[in-house]
Amino acid sequence: MTDLPQTRGRLTPAKPLSDLTWLRVGGPAEWLFQPADLEDLAEFLAALDPEVPVFPMGVGSNLIVRDGGMAGVVVRLGRGFNHIRIEGDRVTAGAGALDAHVARKAAEAGVDLTFLRTIPGAMGGAVRMNAGCYGSYTADHFVEARAVTRQGEVVTLTAEDLNFRYRHTDLPEGAVLAEVVLRGERGEPEALVAKMEDQLARRDASQPTKERTAGSTFRNPAGYSSTGRPDDDMSLKAWKLIDDAGMRGATRGGAQMSEKHSNFLINTGGASAEDLESLGEEVRKRVFESSGMELEWEVIRIGAPAGAAETG
């Protein structure tokens, strides 16, 4: 790779990404960049060779990094991007702020963003993936976001720019989300805290929260998250299709489809990225044979396979 620009942040060569993902798998990033602040990020991207690929990474909660690692620069936002400010019903959060922290801080201020409490990850990922649960989505509360383009320009993005859909947005290639503004309904702090505690109890009862997972593995073919309501249609839920295909608890190497919730892919210990991705593809194949439905990955898979390490 050509020489990298000077930075006030931290640049680490050949950083193992298995240290940074919830599934604890993945080869190294050619370079890991942790910018000091927004200005540092913008200046770095503006000066970086346009041919060098850039991948923004949150806390690695929804990610399989393949065993051969990542070419170019992986950008991971840290302390300069985890602020949370609340004014009235508007919550401004750095893209590195954890979803759960934003939900708690908002609740303490009487703003209802409780749907974020059980979503793993940080706010940048919540916007990029239009994260949601219990019938609420990031898009429902979104006001605007600030991002740094691959060319180093700081821009404000509207909902129209992002074109929110189920688990997807049109974030420009290589752009790094830096800050998000959301709006929530007003509520009593005590009631909002109680609501979150109920959500946590329901999640812990049904999901393998103590295991190494990346959250839901596949999108629901119905095109919406579980609502939690009694009338929720289960026929087009990914877990139901996986169960019907006989793949609950299926294993490959150190990878397993959870016995507790079959739409959760688990690293039981020592799994490679190849184990996890191959098991996921086997599940997709079996579900298609069983139901004619094609499951789409919700977990993001990036990088090169083992033995084919990417180069910049």
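Residues numbered from 1 in each chain as written. Predicted model: local features only at pLDDT ≥ 70, side-chain atom pairs only at ≥ 80, totals over all residues. Heavy atoms only, no water.

1. As for the side chain of Glu277
Part 1: Mapping Glu277 onto the fold places it in helix H8 (residues 273–291).
Part 2: Here Glu277 falls in the buried class, since its relative accessible area comes to 12%.
Part 3: Look past the residues within four positions of Glu277 in its chain and what remains in contact with it is Ile64, Arg66, Trp297 and Arg301. (Helix = DSSP H or I, 4+ residues; strand = E, 2+ residues; numbered from the N terminus. Buried < 20%, exposed > 50% of the residue type's maximum accessible area, 1.4 Å probe, protein only. Contact = heavy atoms within 4.5 Å.)

2. Observations concerning the pairing of strand E2 (residues 28–34)
Part 1: As judged from the six bridges shared by strand E1 (residues 10–16) and E2, these two strands associate in the antiparallel manner. The residue bridging Thr12 from the neighbouring strand is Leu32, located in E2.
Part 2: Here four bridges tie E2 to strand E5 (residues 70–76), and the two strands are oriented parallel to one another. Of the residues in E5, the one forming a bridge with Trp31 is Val73. (Pairing = 2+ DSSP bridges.)

3. Quick look at helix H2 (residues 99–108)
Part 1: For H2, every residue scored as buried is listed here: Asp99, Ala100, Val102, Ala103, Ala106 and Ala107. Relative to the axis of H2, the buried residues are bounded by an arc of 160 degrees and lie together on one face.
Part 2: Close packing links the buried residues of H2 with strand E6 (84–87), strand E7 (90–94), strand E8 (111–112), helix H3 (123–128) and helix H6 (189–206).
Part 3: Just downstream of H2, Gly110 is the residue with a positive phi angle, here 80 degrees. (Arc of directions from axis to C-beta.)

4. A word on the sheet that holds strand E18 (residues 264–267)
Part 1: The strand order E15-E18-E17-E16 describes an open sheet built from four strands, whose pairing is antiparallel. Because the sheet does not close on itself, it has two edges, and the strands there are strand E15 (212–216) and strand E16 (251–252).
Part 2: With three bridges connecting them, E15 and E18 associate as antiparallel partners. Paired with Ser216 across the two strands is Phe264, which belongs to E18.
Part 3: The strands touched by H8 within the sheet are E16, strand E17 (255–257) and E18, with E17 carrying the most contacts at an inclination of about 30 degrees. (Axes fitted to C-alpha atoms, helices over the stretch in contact; angles between N-to-C directions.)

5. Focus on the packing of aromatic side chains
Part 1: Across all of its chains, the model carries three aromatic pairs by this definition.
Part 2: Ring centres of Phe142 and Phe164 lie 5.0 Å apart, and the angle between their planes is 65 degrees; on these two criteria the pair is classed as edge-to-face. Taken together, the residues Phe142 in strand E11 (residues 142–148) and Phe164 in the loop between helix H5 (159–162) and strand E13 (176–183) connect sequence positions 22 residues apart. Each of the two residues, Phe142 as well as Phe164, counts as buried. (Phe/Tyr/Trp six-rings, centres within 6.5 Å; stacked < 30°, edge-to-face > 60°.)

6. Regarding H6
Part 1: For H6, built from 18 residues, the straight-helix expectation of 26 Å at 1.5 Å per residue is met to within 8% by its first-to-last C-alpha distance of 26 Å.
Part 2: Taken together, the buried residues of H6 touch H2 and E8. (Expected span 1.5 Å × (residues − 1).)

7. A few points about unusual backbone geometry
Part 1: With a phi angle near 50 degrees, Ala14 is a residue other than glycine that sits in the positive phi range.
Part 2: Looking at the secondary structure, you find Ala14 in strand E1.

8. Side note on the environment of Leu182
Part 1: Position of Leu182 among the secondary structure elements: in strand E13.
Part 2: Considered as a pair, Leu182 and Pro56 are 126 residues apart in the sequence and their alpha carbons are 21 Å apart.
Part 3: If we skip the residues at most four places from it in the chain, Leu182 touches Asp89, Arg90, Val91, Leu113, Leu116, Met123, Thr138, His141, Phe142 and Val143.

9. Section: the nonpolar core
Part 1: Grouped together as the largest cluster of nonpolar side chains are 48 residues, with contacts concentrated most on Leu41, Leu113, Leu116 and Met123.
Part 2: Broken down by element, this core gets its largest block of residues, five residues, from E13.
Part 3: Counting 23 residues, the second largest nonpolar core, distinct from the first, contains Val25, Ala271, Leu276 and Leu279. (Core = buried A, V, L, I, M, F, W, Y, C linked by side-chain atoms within 4.5 Å.)

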